[in-house]
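Working through the structure, step by step
Spelled out from the first residue to the last, the chains are:
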Amino acid sequence: MNFFKFITTKYFWYNVLLAIVAIAVLIAIVLWSLTYYTSAGRTIIVPDVKGSTVEQVGTQLKNSGLDYVVIDSLYRQDVQRGAIVEQIPSAGKSVKKGRKIFLTINAYTSEKVLMPQLVDYSLRNAQVVLETKGLKLGEITYKPSAYNGLVLGQMVDGKLINAGEQIEKGTKVQLIVGRGDGGSAVVVPELVGLTFAEALMTLHAVSLNVGQMVFDNSVTASTDTSTTVVYKQSPDGNNGQVAEIGASVKIWLTADNDVVIDAMEEIENANKKED
């Protein structure tokens, strides 16, 4: 009976009210603390830093409330040394303040490889070996020999190079290739419509070289040259013209597909007129 009297007193309900207020205040403090700790509702859009150096964007990232760490490096010949080539998270992602951006940069020093032995290899096999080593086939010079199509010498920057010497990955290696007595002239192939990489392989297959390369306005510094397309060549490749083995073919390159289509239509119309 005393208990029931007690819960009806003002003193009891006063204490109940104080307890409710205390619990509400405690919950509010906890929620506020969690919000502050996790920065809920406050996010930052990750900027695009690829192509820039860490020195160029480090301060920008810090000022925007982000942190960064370089986690790896690789070597790409077509990218500025020290430039950022990969970022995690990617540009445009929303992240919390203080988030670390993980960066991969292009190495300041180029990767080295050992020059392979190409002498006494066929030209085709030598090209495969160069590609496997990360090297590029440069100009081919032909000289009379009883061994047609056989590599007689290997050079870098016009100087003979021995197998086993260290050179930068991506270096162009010039080859001296034997030319037999089966004739010194070849028919110039049609290159219009081929990518630069395809044109290079086509010319090398018939013992010719790429000469001067002319790029139109659609080709920028960031364009991958190997994917540009031939829209003009000299000598022409559609009328049976011949060239001496080892000669160079001048090519015009574009990244604009419409230019290529127009060039191919022009060749087709010219062929129809001749017919």
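See above for the structure.
Quick look at the structure, then. (Residues numbered from 1 in each chain as written. Predicted model: local features only at pLDDT ≥ 70, side-chain atom pairs only at ≥ 80, totals over all residues. Heavy atoms only, no water.)

Counting its regular elements, the protein chain contains six helices and 16 strands. In terms of overall dimensions, the protein chain has a C-alpha envelope of 125 × 55 × 35 Å along the principal axes. Looking at the protein chain as a whole, 33% of its 275 residues qualify as buried. In the protein chain, once contacts between residues fewer than 6 apart in sequence are set aside, the share between residues at least 24 apart is 72%. Surface summary for the protein chain: the accessible area is close to 17,300 Å², and the carbon and sulfur share equals 56%. For the protein chain, the distance from the average site of its 25 positive side-chain charges to the average site of its 28 negative ones is 18 Å. (Helix = DSSP H or I, 4+ residues; strand = E, 2+ residues; numbered from the N terminus. Buried < 20%, exposed > 50% of the residue type's maximum accessible area, 1.4 Å probe, protein only. Contact = heavy atoms within 4.5 Å. Areas by Shrake-Rupley, 256 points an atom, 1.4 Å probe, with all protein chains shown as cover. Lys, Arg positive; Asp, Glu negative; His and termini not counted. Charge placed at Lys NZ, Arg CZ, Asp CG, Glu CD.)

Bringing the nonpolar core into the picture now. The biggest cluster of nonpolar side chains holds 34 residues, and the ones touching the most others in it are Leu175 and Ile251. Residues contacting Ile251, with those up to four places away along its chain left out, are Leu191, Phe196, Val210, Gln212, Met213, Val214, Val230, Lys232 and Gln233. Ile44, Val46, Val57 and Ile105 belong to the second-largest nonpolar core, a separate cluster that totals 12 residues. (Core = buried A, V, L, I, M, F, W, Y, C linked by side-chain atoms within 4.5 Å.)

Take the sheet that holds strand β13 (residues 209–215) next. One open sheet holds the three strands; their spatial order is β13-β16-β14, and the pairing between them is mixed. Every interior strand has two partners, whereas the edge strands, β13 and β14 (229–234), have only one. Within the sheet, the average angular offset between the axes of one strand and its neighbour, ignoring direction, is 35°. Where β14 lies against strand β16 (residues 248–254), five bridges are found, and the strand directions are antiparallel. If you follow Gln233 over to β16, its bridge partner there is Ile251. On the sheet, helix α5 (residues 196–205) packs against β13, β14 and β16 and is oriented at approximately 155° with respect to β13. (Pairing = 2+ DSSP bridges. Axes fitted to C-alpha atoms, helices over the stretch in contact; angles between N-to-C directions.)

The next subject is helix α3 (residues 54–63). For α3, the complete set of buried residues consists of Val54, Val57, Gly58 and Leu61. Seen end-on, α3 carries its buried residues on one side only, within an arc spanning 125°. Summarising the geometry of α3, the exposed residues directed more than 90 degrees from the buried face are Glu55, Gln56, Thr59 and Asn63. In this structure, the buried residues of α3 make contact with β2 (67–74), β3 (84–88) and β5 (100–106). (Arc of directions from axis to C-beta.)

Together, Asp256, Asp258, Asp262, Glu265 and Glu266 give the surface a local cluster of negative charge. Examined against the element boundaries, Asp256 turns out to sit in the loop between β16 and α6 (257–274). (Patch = residues over 30% accessible without salt bridge, like charges linked within 9 Å, V, L, I, M, F, W, Y side chains within 5 Å. Salt bridge = Lys/Arg side-chain N within 4 Å of Asp/Glu carboxyl O.)

Moving on to the packing of aromatic side chains. Tallying each qualifying case throughout the model produces zero aromatic pairs. In this structure, Lys232 packs its charged tip against the face of Trp252, placed 4.6 Å from the ring centre. (Phe/Tyr/Trp six-rings, centres within 6.5 Å; stacked < 30°, edge-to-face > 60°. Lys NZ or Arg CZ within 6 Å of the ring centre and 35° of its normal.)

One water molecule sets the probe size; rolling that probe over the atoms shows where empty space is left. Of the volumes computed, that of the largest pocket is approximately 990 Å³. Around the largest pocket, the lining comprises 30 residues; the ones closest to its centre are Lys136, Lys172, Phe196, Leu200 and Ser226. Per-element tally for the lining of the largest pocket: the top contributor is α5, with five residues. Here the residues of the lining of the largest pocket are counted per class, giving 10 nonpolar, 13 polar and seven charged. Approximately 340 Å³ is the volume found for the second largest pocket. (1 Å grid on protein atoms, 1.4 Å probe; cavity = no way out; pocket = protein on both sides within 12 Å on 5 of 7 lines; lining within 4 Å. Points joined across faces, edges and corners; volume = space filled by probe spheres on them. Nonpolar A, V, L, I, M, F, W, Y, C, P; charged D, E, K, R; others polar.)

Another point: the sheet that holds β3. The three strands are arranged β2-β5-β3 in an open sheet whose pairing can be described as mixed. Only two strands of the sheet have a single partner each, and these edge strands are β2 and β3. Averaged over all neighbouring strand pairs, the angle between strand axes comes to 25°, with direction disregarded. Relative to β5, β3 is paired through four bridges, and the arrangement is antiparallel.

Attention now goes to the pattern of salt bridges. Two side chains that carry opposite charge are able to pair once their charged atoms sit near each other. According to the stated counting rule, one finds two salt bridges in the structure shown. In this structure, Lys62 and Asp67 form a salt bridge, with 2.8 Å as the shortest nitrogen-oxygen distance. For Lys62, a relative accessible area of 47% corresponds to the partly exposed category. The partly exposed category is assigned to Asp67, whose relative accessible area is 23%. Glu111 is the partner of Lys169 in a salt bridge, and the nearest nitrogen-oxygen pair spans 3.7 Å. A residue pair is termed long-range when its members are at least 10 positions apart, and Lys169 in the loop between β10 (166–168) and β11 (172–179) and Glu111 in the loop between β5 and β6 (112–114) qualify at 58 residues. Under the relative-accessibility criterion, Lys169 is labelled partly exposed at 31%.

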